[in-house]
Amino acid sequence: TAVNIVDGEENTSALWLTDGEVGIGTNTPVSQISGVTLHIDDSSSNPANINLTGGGGADTNDIGYIAFSDPDDHDDNLVRITGQVDGSDAGDPGGLLIFSTQENGGALAPHMAIIHNGDVGIGTTSPDGKLHIHDATGSRTTTATAIDQGLILSTVDLADNDYYQMLFINLV
């Protein structure tokens, strides 16, 4: 069953509802594996396709995402912001926000995360400080820790087993 709302002036589909999918500017909303999809397409030669999909479940399961797709292939997500369950407390789990991008010719991969306590990870989805930067080779990790009078920046070089630390103090 489908419902179609037509733009009176252009006589084109303005809103399309079919089989749990919602299309704005398209009568063929992209079908997703699970959840309900909202597909927005401006029908230009280079449309911006944004898919909003819900989900649910236990720890580390996707609870929803916003995907930005290749205009020529709606199923090819180039950028995705994903919400996940973070924690196993069934009554009150935490949340995790993951930012992923697709490399040229590659697969979609996570590059930045914000976990339930507000810690931010770049190059890791499991930060262990307010700011945790992990390089692509996995040989160096940098964390920033806030203190009362400033900031401690710590770097561990896992290849050489070296540890560096800088202290920034606010003198005002």
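Residues numbered from 1 in each chain as written. Predicted model: local features only at pLDDT ≥ 70, side-chain atom pairs only at ≥ 80, totals over all residues. Heavy atoms only, no water.

Chemist: Summarise the overall build of the protein chain; cite the residues concerned and give the values.
Modeler: Tallying secondary structure elements over the protein chain gives zero helices and 14 strands in all. In sequence order, the protein chain lays out its α and β elements as β-β-β-β-β-β-β-β-β-β-β-β-β-β. When each of the 172 residues of the protein chain is scored for burial, the buried share is 27%. Taking the contacts inside the protein chain whose residues are at least 6 apart along the sequence as the reference set, 9% of them involve residues at least 24 apart. For the protein chain, the accessible surface area stands at approximately 10600 Å², while carbon and sulfur atoms represent 55% of it. (Helix = DSSP H or I, 4+ residues; strand = E, 2+ residues; numbered from the N terminus. Buried < 20%, exposed > 50% of the residue type's maximum accessible area, 1.4 Å probe, protein only. Contact = heavy atoms within 4.5 Å. Areas by Shrake-Rupley, 256 points an atom, 1.4 Å probe, with all protein chains shown as cover.)

Chemist: Just give me the short version of the environment of Pro110, but keep the residues and values in it.
Modeler: If you trace the backbone, Pro110 turns up in strand β9 (residues 108-114). Once the C-alpha coordinates of Pro110 and Gly123 are considered, the two residues, 13 residues apart in sequence, prove to be 7.6 Å apart.

Chemist: Give a description of the environment of Ile152 that names residues and reports values.
Modeler: Assignment of secondary structure puts Ile152 in strand β13 (residues 150-157). Along the backbone, Ile152 and Leu167 are 15 residues apart, and their C-alpha atoms lie at a distance of 4.6 Å. Not counting chain neighbours up to four residues away, the residues in contact with Ile152 comprise Thr143, Ala144, Thr145, Ile147, Gln165, Met166 and Leu167.

Chemist: Tell me about the side chain of Thr143, residues and numbers included.
Modeler: Here Thr143 is to be found in strand β12 (residues 140-147). Among the residues examined, Thr143 registers a relative accessible area of 15% and is labelled buried. Residues contacting Thr143, with those up to four places away along its chain left out, are Asp128, Leu131, His132, Ile152, Leu153 and Ser154.

Chemist: Explain the pairing of strand β14 (residues 162-169) to me, and be specific about the residues and the numbers.
Modeler: Sheet topology note: the β13/β14 ladder contains eight bridges and is antiparallel. Bridged to Val156 within β14 is Tyr163. With antiparallel pairing between neighbouring strands as the criterion, β13 and β14 make up a hairpin whose turn holds four residues, including Asn161 at a positive phi of roughly 60 degrees. (Pairing = 2+ DSSP bridges.)

Chemist: Give me a nonpolar patch on the surface: which residues, what numbers.
Modeler: Where nonpolar side chains cluster on the molecular surface, the patch consists of Ile66, Phe68, Leu78 and Val79 and spans about 260 Å² of accessible area. If you list the elements that add at least two residues to the nonpolar patch, you get β6 (62-70) and β7 (73-86). Its place among the elements puts Phe68 in strand β6. Judged by its relative accessible area of 33%, Phe68 is partly exposed. (Patch = residues over 30% accessible without salt bridge, like charges linked within 9 Å, V, L, I, M, F, W, Y side chains within 5 Å. Salt bridge = Lys/Arg side-chain N within 4 Å of Asp/Glu carboxyl O.)

Chemist: Got a sec to walk through the pattern of salt bridges? Specific residues and values, please.
Modeler: The full count for this structure, using the stated rule, is one salt bridge. Between Asp119 and Lys130 there is a salt bridge whose closest N-O contact spans 3.3 Å. Of this pair, Asp119 sits in the loop between β9 and β10 (120-122) while Lys130 sits in the loop between β10 and β11 (131-134); the two residues are 11 residues apart in sequence, bridging distant segments of the chain.

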